[in-house]
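Coordinates in review
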Amino acid sequence: PRPRLLRAIAIQKQGNYAVALEELEEVGSRSGDFKGRDSIDHFRGWCLFYLGRPREAEAAFAAHLASTPGSADSAFGRGVSLLELGRPDAALDALDLALEIETAGAGRRRSVGKTWIRRGDALWELGRTEEATRSFHKGVIQFSDHYEGWAKLGRGHERLGDAEKAEWARREERRARIRVGAPVDGP
């Protein structure tokens, strides 16, 4: 089953989520233990999320966290699934857990940055604009190429009435877009 699991993960990484999900479910239905079995729910979660099935994705991430409590990626996945389900309070808890795990471990700057930005999304949905803006700012400090994070930071500053900081964030968004080769609007 392990080679088949690795094949399913490779298919998932290529973005063929429906086929990968079928493979993962087949591998998971087999009896016996093998290296990697505990990661099946994690990869199922991402397949389900990208297939537009956030409720099932959230359940898969929660199952993975129950067996592997130290998975920052599954806590993040659960958080973004809960955001898609319109549950920002629960998403905030999951994203805070992802930050706690990530910063206590490898502290991967890009992952930490993305988590701060999605945490800002949850706060934004809760109407906590000032906290959301601070969270967006922490995110782009960690991951400066996250142009969407810069755009969100700009909207936050705009909403808070700071036109100068909003303009600064928009300039940084443009620079980040140029750095990563994303489309840039205007001059």
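Here's what I pulled together on the structure shown here. (Residues numbered from 1 in each chain as written. Predicted model: local features only at pLDDT ≥ 70, side-chain atom pairs only at ≥ 80, totals over all residues. Heavy atoms only, no water.)

1. Some points on the packing of aromatic side chains
The tally for this structure, following the rule as stated, stands at 8 aromatic pairs. Between W46 and F61, the ring centres sit 4.9 Å apart and the planes meet at 70°, which makes this aromatic pair edge-to-face. Taken as a pair, W46 in helix α3 (residues 40–50) and F61 in helix α4 (residues 54–67) lie far apart in primary sequence, 15 residues in all. Classification of W46 as buried rests on a relative accessible area of 12%. Overall, the relative accessible area of 0% leaves F61 in the buried class. Note on W124 and F136: the rings are 6.2 Å apart at their centroids and 40° apart in plane angle, and the pair reads as tilted. Here F136 lies in helix α8 (residues 129–142) and W124 lies in helix α7 (residues 109–125), a separation of 12 residues in the sequence. (Phe/Tyr/Trp six-rings, centres within 6.5 Å; stacked < 30°, edge-to-face > 60°. Helix = DSSP H or I, 4+ residues; strand = E, 2+ residues; numbered from the N terminus. Buried < 20%, exposed > 50% of the residue type's maximum accessible area, 1.4 Å probe, protein only.)

2. Side note on the packing of α7 against helix α9 (residues 147–159)
Closest axis-to-axis distance for the α7/α9 pair is 10 Å, and the angle between their directions is 35°. Pair α7 / α9 crosses with left-handed handedness. Between α7 and α9, the contacting residues are I117, D121 and W124 on the first element and G149, K152, R155, G156 and R159 on the second. The class makeup of the residues in the contact of α7 with α9 is 2 nonpolar, 2 polar and 4 charged. (Axes fitted to C-alpha atoms, helices over the stretch in contact; angles between N-to-C directions. Left-handed = near helix turned anticlockwise from the far one by under 90°. Contact = heavy atoms within 4.5 Å. Nonpolar A, V, L, I, M, F, W, Y, C, P; charged D, E, K, R; others polar.)

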